[in-house]
Each structure stands twice: as structure tokens, then as C-alpha cells.
Amino acid sequence: MSFLEVTDLKVHFPVKGGLFGRTVGHIKAVDGVSLSIEKGKTYGLVGESGSGKTTTGRAIIGLNNITSGKITFEGRDITNIRKVSKDIRKDVQMIFQDPYSSLNTKKRVIDIVAEPIRNYEKLTKAEETKRVQELMEQVGLSPESIYKYPHEFSGGQRQRIGIARAIALKPKLIIADEPVSALDVSVQAQVLNFMQDIQKELGLTYLFISHDLGVIKHMCDRIGIMYKGRYVEEGSPADIFNNPQHIYTKRLVAAIPDINPRNRAEHIKFRQEVRSEYEKSYDKYFNSEGLAYMLQPVSESHLVALPEKG
Amino acid sequence: MWKFTVRRIFVMIPQVILLSVIIFILAKMMPGDALSGLIDPNIDPATIEAKREALGLNNPWYVQYWDWIKNAVQGDLGQSFQFKMPVSEIIGQRLTNTFWLALLTLIITYLIAIPLGITSGRFNDTWGDRLITGYTYVGFGMPLFIFALVMLWIFGFKLGWFPSGGSVKPGLDPGSFEYIVSKFKHMLLPALSAALIATVGTVQYLRSEIIDIKQKDFIQTARAKGASESRVYNRHILRNSLLPIAAFFGYEITGLIGGSIFIENIFSYPGIGQLFLGSINIRDYTVVTSCVLLFGIAAILGSLLSDIILSIVDPRIRIK
Amino acid sequence: MEIETSKNPLLLSKVEEPAKTPSGWRIIWRELVRDKVALLSLIFLVLITAFVYGISLFLDQEEIVTVDLFAIHQPPSADFWLGTDYGGRDIFGQLIIGTRNSLSIGILVTVMTGLIGIIFGMVSGYFGGAVDNIMMRIVDFFMILPFLMIVIVFVAIVPKYSILSFSLIMTAFLWMGKARLIRSKTLQERELDYVQASKTLGSSNFRILFTQVLPNLSSIIIVAMTLNLAANIGLESGLSFLGFGFPESTPSLGTLVSYARNPQTLQDRWWIWVPASLLILVLMLSINNVGQALKRATDARQRRG
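Here the residue numbers are simple positions, counted from 1 along each chain's written sequence. Lettering of chains starts at A and numbering of ligands starts at 1, both following the order in which they are written. Two thresholds apply to this predicted model, a pLDDT of at least 70 for residue-level local features and 80 or more for giving and counting side-chain atom pairs, whereas whole-chain, interface and lining totals are computed over all residues. In computing side-chain properties, one takes all heavy atoms of the structure into account and sets aside hydrogens as well as water.

Notes on helix α1 (residues 2-29) of chain B
Okay, so step 1: When the terminal C-alpha atoms of α1(B) are compared, their 41 Å separation across 28 residues agrees well with the 40 Å that a helix rising 1.5 Å per residue should span.
Okay, so step 2: Every buried residue belonging to α1(B) is among B:F4, B:T5, B:R8, B:M12, B:Q15, B:L19, B:S20, B:I23, B:F24 and B:L26, and all of these are buried. Only DSSP runs of H or I reaching four residues or more are called helices, and only runs of E reaching two or more are called strands; each is numbered from the N terminus. Each residue after the first adds 1.5 Å to the expected span of a helix. When a residue's accessible area, from a 1.4 Å probe over protein chains only, is under 20% of the maximum for its type it is buried; when over 50% it is exposed; and in between it is partly exposed.

Here is the structure:
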């Protein structure tokens, strides 16, 4: 039994139209996604915008309604997480993409970080203050700054506050939705390394959602690639980066910039090859609606969306 | 376009029904009924009771409501005890007066608003703009009834330029040229007073809209392409800022109704607003409910009209 | 809430410098000070409020509204600073009490409509969907009613008519604008990540609405309520002018203006209606000035400083 198990998750949004605003169709934001995460590992979910990776993360934590599918966490069914008991709910937390809008600008840091503590634990004011100060130290911010407002911090510092809030209840699983993509590149590495440190320290499991393959490569033990609500490929970083099988993955990997200028000509040639292959073999990898097929195992750890043989 | 219109009309139907129910409830809450005005207080109670029965006043409320609606749709709004004649007839006379006054007010409102708004927006932060902004600033804070009183005081009494009451000079032959001129003269001061206040919102809207559009990228593009300043204004800016205003007149109806109550009262102008206030003071409730129903439906129709025009002008609304 | 950042150096990581922006109240205060007209208006409002509430403690309303047939229509004099009306009642005293009454009811109606509008708008905007749809149809319907006529009918037929019932009637038909405003703002707020974050942190909807969303609406609520106060004072005096506002025994600014419906008073006895009219105008302009300054303070694009 794995730590987090998502089976055939579907999230469909109704499309209203017509004279009386009836439902005329659905947008299939997530269309049959299955994944499982091992305890203490980092699972990376990659895809372009609109691929459904964020919706998957939000559905797991209960911010989007699930159309069908099943989610288990440590063997317990949490498909309807807003309805399950508080003990389980506090084990799953989230780090948001935008460090500006995810912190309430009208609240002091102490109120922001203490919000989950107030919801789940009964502490006195002094205990609470102490906890918040400890958390601030843990994320590398001054414990004295708890009476400040979010706008007095920089983007990276704000994201640390967001992390302090997410780890306040000592969760087991953290869903990190593009946690660094709103930050300056110079700060990104800092926050990522810090997230890794804190993972070791607290034994956290991450579901790491990103569009940045470089970041994913740096962080993840296992990677899933999504396109139009479906998986196209899943495997270890070695599988994905050294041996991509699906044409979509190949193009993604080919798009990673090479910093060595001497390889430039070679790199361009490689990209053009991948591109012509993409154009030629599109029909082989996508069905008539332009969607990916079901995943087929190609090796022990490596799954690729290919048409069923025969 | 038609889709939006149909949907909008579907929204309107329950509004009209609800309005009529509310007015009916109000009418039932009013002391007395249709008989209080008709009958001599000396008639014995048994006869009154028989009459009540005959008029259906003892029926359950929904039957009474249905009768009332049926009659109202056919134009029978009941009897006024004050005037001893059918309400529909009284309202008919007053409605023409109110209609012409409202129309004149609307025309003057736009005649003032459009040039002032355009001047103020196009030449913002010049002396002309400051003058206009000053006017809208005072007008925004000025209650209509105080302004109308001051206008009446200055132009009606002190200067004597306009008649200070009524809708026409008595003794003129209806239909004659003098009659029409006299009607117009009686309407002019009330309409001007109402328009000078009503126009403020439109001027402010137009000004900020033009200033806003002026800085938009597509205007810069038009300028960069070498379009002349007048072309930029006529083809791009005014087109975008004036069209919504053309649609607003339906919404203005609600304001005009409120305004007409003050204006007709202050200038003793015999329209619906004055009829309404007069009837409520002497408790002629059949007239009162009819006035509310009439103005209520006018407001609903006005907003319907504006919504539809807006949806033609602004395609973004249609999609919703 | 002011924070002294200079005395309390923040432990910073080397690369990052905190971006400092002043907090809400300080921005509002700065905008008010910069806008001299708004500042003067505020001072004027504070003074006149203190003045009318203070003086009216020493004025006997009974005595002022008692008819004195020996002092009808007197021009201003040492006894009657602003003369007397058709019942020989002192205009100056009525002006003080009328201002107090008009201000009180304006504030009362503003607060009540504000409360209804906040709760209605927040619930509608936050929950969305069918709830929102139904609640907004209710608002649409109230919006379309001919406000003035309905209020006048209610005032005419309500038994045991009093100041309280008057303000309740006004409130019943004036809350919709605020409900719409708050709803549209709540719709925007609920999509922001801090609301989503609160959900994942286990806060209840009720808690999110009142402790997370409400503080973010505070500035637009203050602006809307200020501008509404002016409008409500105008409406109250208008209704009193028509004779459907305060009961006869309770003077209001509108009651004083209504004496001018008599052509003789309008032409020859300015002291009865001109001071009250001017006062209404100046009150409304001052409140609008303050409101506009607040509005600029909450909109970063329009700020002057």
C-alpha cells in the first residue's frame, strides 16, 4: 500500500450555455489520472498550463470537486477530504504558487501562521506565540518579525511564511503548486533547497507541481507528465530525461536550454529533428481527439501513453 | 442578440408579477377599500355588506388579486372617490403631462451632458474642464428639491421669466399654437431644473470614460498610424464612450420617476407625481396603487430596454 | 495599526530586501492631509456634529416645537437669531435639532443598510452558484421598485409611525446597492489564494468570510458608507420636505425647507428655508469630499501622494 494513491481521478467542469444556462458540455480538466507516491519522496507533476496538473493537486486537497475516482492516504479513503475527520485533513497541506495573494495582506504574520493551529489545537496566547516564533526560525525568518504584515517581506520571504503555515500542523504530505515560479530566479534555488532541507528534517512527502523541467529534475524522485488532462508518461528522472518515449516528452526535454554555447548548433539540429518527428508521428501518439492514450509499461518503472498493441 | 433579449424578457416577467403582488398587498394594508369612497356613510351596514359581497371583497385574497389583475390588464383600475371618475381616465390626463415633461427633461439632460462631457474629457485639466468639474461637483451634492426651489425662486418669482405653476395658461384653445407654446413654457423651468441635476452623473461618466480611453493602447496605435486628432476622437474615442450613454436612458427612467414627484410638487405641475402625492394625502388609495403600478412597470420596461440596447452596443454582455 | 519598522531591523537573508509599503490607515490619513478640501470638510463635519449634538443637550425640543401665536413669521432678531416660522417657532433651534435628527437618521440608515448589504453581499458572492443566483434576483427586484413611491406609501400606511419605523422603511429599500458592490468584490476575493489557503488550513466558511475576507473589504465598505451617508441625508430631507419623513413634532432639515412650498415664504421669508437648504448642501458636499478622498486613498491609481 503506497502512501498516497490516486486512482482514475476525473475532474470535469460543466460548460453552461443556451437559453436557460443549462449544462451543454464539460471541460475535462483532469481525465483519468492515476498516481501513487511513496512516503518521504517527492513526486513531480509536469505539464504546460491548462494540462490539469494544478487541478489534480487542488482536487486531492479538496479545493476542486472530484467528478469520479478514488484517493487514499495511508490506506484511508480521502476522496471527499472536506468531509473526513480533522486528524487526517491536517496531515495534507498545500503551498501556493503566488506568495502575494496567498497571504492575507490585512493579517499579521502571527495570525497567518497561527491560523491552522487555531483551527486544530487549543493553545494559550503565549504558547501560540512561541510556536509561531519557532516556526519562523525553522523557515529562516526572524522570530521578531511575527507582528509585521506580509507587504513588509520580499517574495522569497513570503513564500517561507507560506511554508511555515503549511508545516505548522506537522503534516505528512505537502502539495506544492508551482512554489517557486512566481519568484525571481536568484531566489528560486534558495527556496527549493530549503524545501529539501525541511523535507529531510520533518520526513515530508511532496507532490511537486511545476512546468519547469529543470526544477522538477532537481527535486523529484518520480515524475509524471500531463497533457490535456491525461498522463503521457511517467517514470524515474532517468527514464524521463535520458530515455523519453512519448513524443510530447521528447519535445519537452529537447526544449530544455543548453547553457554550453559550443553545443548550440548541435542542440538546434536536435530540436529540429524532434520537431519533424513530432509532426510526422503525431497520429501515432494521440487519438483522433488529440488526447493521449492509456499508459502502457515499457519497463519496470517507466510508463508511456501508447495505443494498445494489436 | 435575440437569445439575450428572450432571456432578459423571461427575467422581467417574474419582476412584473412580484411588483403587482407587492402593490396588491400594500393596497390591502391600506385602511378602507373600494367601497369607502363610493358609499354614503349613512347607508345601513347590511347593504354595505351586500355590496361588498357583490364586488367580491369577501373573496379569498388570491381571487381578489386575480380579479384586480384581470381588470388592470383591461385598463380598469377602479374608481377614484376624490374625482368620482375611473382612475384610468384621471391617470390618462396626467400621464400625458408627465410624459412630455419627462421627455423634455431627457432631451435637455443629453443636450447638456454630451457637449460638457466631451469638452471636459477631451481637454481635461484646462480651465473649461475645471469649470465643468466644479459644476458637477456641486450638482452631485445638491439635492434636487433644493435646486428646484432655488430655480423657482429666481426664475419663477424674482425674474418672472417663467410661469411658477400649472401646465398651461387657462383659457387657451387646446390644439392652438398659443396652447402648445404655453405648455412648453410651463414645462421648461421644471424640465431644466431636473435636467441640470440629472445630467451630472452622465457628464462625470463621460469625462472619466474619455480620459480612460484616451490612454488605451488602441488609441495610441491610431495616433501612431497618423490618424488626425479629430478622426481619433470621432471614430475611436467617442464611438466607445458615447454608445453606452445612449443606452442609459432606460435606467434614467427610475430617476425621472423619483424626480417627477419632487419637481411636480414644487412647480405645481399636474402630472402623475403630483396626483400620487395628492391622492395619498387624502387617502384616495385606488389612485395611489395605480400610480405605483404604472411607474413600477415603467421602470421595469426602462431597464429592459437599456439592457437590450447595451447588449447590442457591448457584445461582452451578451455572452454572460 | 502602525508598525515601527525602523527600530526593529528584520533579520534578512542577504539577497533580499523587503518592499515597504505603508499600511491602510496611514495611506488614508496621508491622502486626507494632502487633500486640503477634504481635510477642511472633515474638520467642519466633526465640529458641526459636536456642535449640534452638544447644543441640543441644552435645547428643549418640546419648547422649540411649541406653537407661539404671538411670534409668527418674525424676521431674525436678537431673540430669534434666524426668526420664526408660521407657528412662531424659533428657526435657529429647529435648525440645530433638525441637523441633529437628520444626521442621526442618516447614520442609522447607513449603518443598517451597510450591515444588511455586507452580510447579503458576502454570502452571495462567497458561495456563488444557485445561492448567488437567487440572492441576486432578489436584489434585482428590489432595485427595480420605484423607491420614492413605495417608501411614501409605507410611511402613509404604517400604523404607529415613528422615527424607528421611518428608518426601517428607508433601510428596507436602500440596502441593495451595497449588497451588489460587496458581492462583486467578494467574488474577486474568493478566487485569491489566501481564501483557498484558509480552506486547506481547516477554517470554516463562516470563519473565512468574517476573519479573512471581511478585513479585505473594509476599505471599500468605508468609502461606500461615507458616500451613502450623504445620499441618505439627502433622501431623508427630501422625504421630510414632501411631508413623508419625520413626524411633524420632530424637526428635520427637510421640514424647514418644506415651508418654502408656500410661495410667500419662498419669496419673502428667506430666513426660514435658506439656512436649512445651505446646511443640507454643505453637509452633503463635505461628506462627499471626505468620501472622494477615501476613495482615492483606496485606489492606488488615483492616489495623489
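There is more to say after this.
Some details on the interface of chain C and chain B
Okay, so step 1: Pairs of residues are marked as contacts when any of their non-hydrogen atoms sit within 4.5 Å. Contact with chain C, which involves 34 residues of that partner, is made by 42 residues of chain B.
Okay, so step 2: Buried area, as used here, totals the accessible surface that two parts lose on assembly, with accessibility defined by a 1.4 Å probe and the loss added over both. Around 3,500 Å² of area is buried between chain C and chain B when both sides are counted, 82% of it from carbon and sulfur atoms.
Okay, so step 3: The largest per-residue losses of area from chain C upon contact with chain B belong to C:F141, C:I144 and C:M149, which jointly make up 19% of the total buried on that side.
Okay, so step 4: Every case where a carboxyl oxygen of Asp or Glu lies within 4 Å of a side-chain nitrogen of Lys or Arg is listed as a salt bridge. One can count zero salt bridges joining chain C with chain B.
Okay, so step 5: Polar contact is the term for a pair of N or O atoms within 3.5 Å; when the atoms are in protein, one must be able to donate a hydrogen and the other to accept it, and sequence-neighboring residues count only if both atoms are side-chain atoms. Across the chain C-chain B interface, the total number found is three residue pairs in polar contact (both at pLDDT 80 or more).
Okay, so step 6: Of all the secondary-structure elements, those providing two or more residues to the side of chain C that touches chain B are α5 (129-144), α6 (147-157), α10 (205-242), α12 (263-268) and α13 (270-298) of chain C.
Okay, so step 7: Counting residues per element, the side of chain C that touches chain B draws most heavily on α13(C), at nine residues.
Okay, so step 8: Put simply, Ala, Val, Leu, Ile, Met, Phe, Trp, Tyr, Cys and Pro go in the nonpolar bin, Asp, Glu, Lys and Arg in the charged bin, and everything else, Gly too, in the polar bin. When grouped by side-chain class, the residues that make up the side of chain C that touches chain B number 24 nonpolar, eight polar and two charged.

Considering the environment of B:I300
Okay, so step 1: Note that B:I300 resides in helix α12 (residues 285-313).
Okay, so step 2: A residue is classified by how much of its surface remains accessible, and B:I300, at 1% relative accessible area, is buried.
Okay, so step 3: As a C-alpha pair, B:I300 and B:T98 span 202 residues in sequence and 17 Å in three-dimensional space.
Okay, so step 4: When near neighbours in sequence (up to four residues on either side) are disregarded, B:I300 contacts B:M12, B:Q15, B:V16, B:L19 and C:I144.

A few points about the packing of helix α9 (residues 217-224) of chain B against helix α10 (residues 229-266) of chain B
Each packed pair of helices is defined by two parameters, the angle between the axes and the distance between the axes.
Residues and elements named next belong to chain B.
Okay, so step 1: Between N-to-C directions, angles span 0 to 180 degrees; the directions come from axes that are lines fitted to C-alpha atoms, helices contributing only their stretch in contact. Two elements in contact, α9 and α10, have axes whose closest approach is 10 Å; the angle formed by their N-to-C orientations is 160°. When the interaxial angle is binned, α9 and α10 end up roughly antiparallel. The crossing of α9 and α10 is right-handed. Every residue of α10 that contacts α9 at F218, I219, A222 and R223 is listed here: E229, V232, Y233, H236, I237 and N240.
Okay, so step 2: When its residues are assigned to classes, the contact of α9 with α10 shows six nonpolar, two polar and two charged. An angle below 35 degrees is read as roughly parallel, one above 145 as roughly antiparallel, one from 65 to 115 as roughly perpendicular, and any other as oblique. Crossing chirality is assigned from the near helix's rotation relative to the far helix, an anticlockwise turn below a right angle marking it left-handed and a clockwise turn marking it right-handed.

Some remarks on the side chain of A:D177
Residue and element names in this part refer to chain A.
Okay, so step 1: Locating D177 in the fold gives a position in strand β7 (residues 173-177).
Okay, so step 2: Buried within the structure, D177 lacks any salt-bridge partner; its nearest side chain of opposite charge belongs to R58, at an N-O separation of 5.8 Å.
Okay, so step 3: Apart from the residues lying within four places of it in its own chain, the contact partners of D177 are T54, M94, I95, F96, Q97 and I209. In this tally, Lys and Arg are treated as positive and Asp and Glu as negative; His is ignored, and so are the chain termini.

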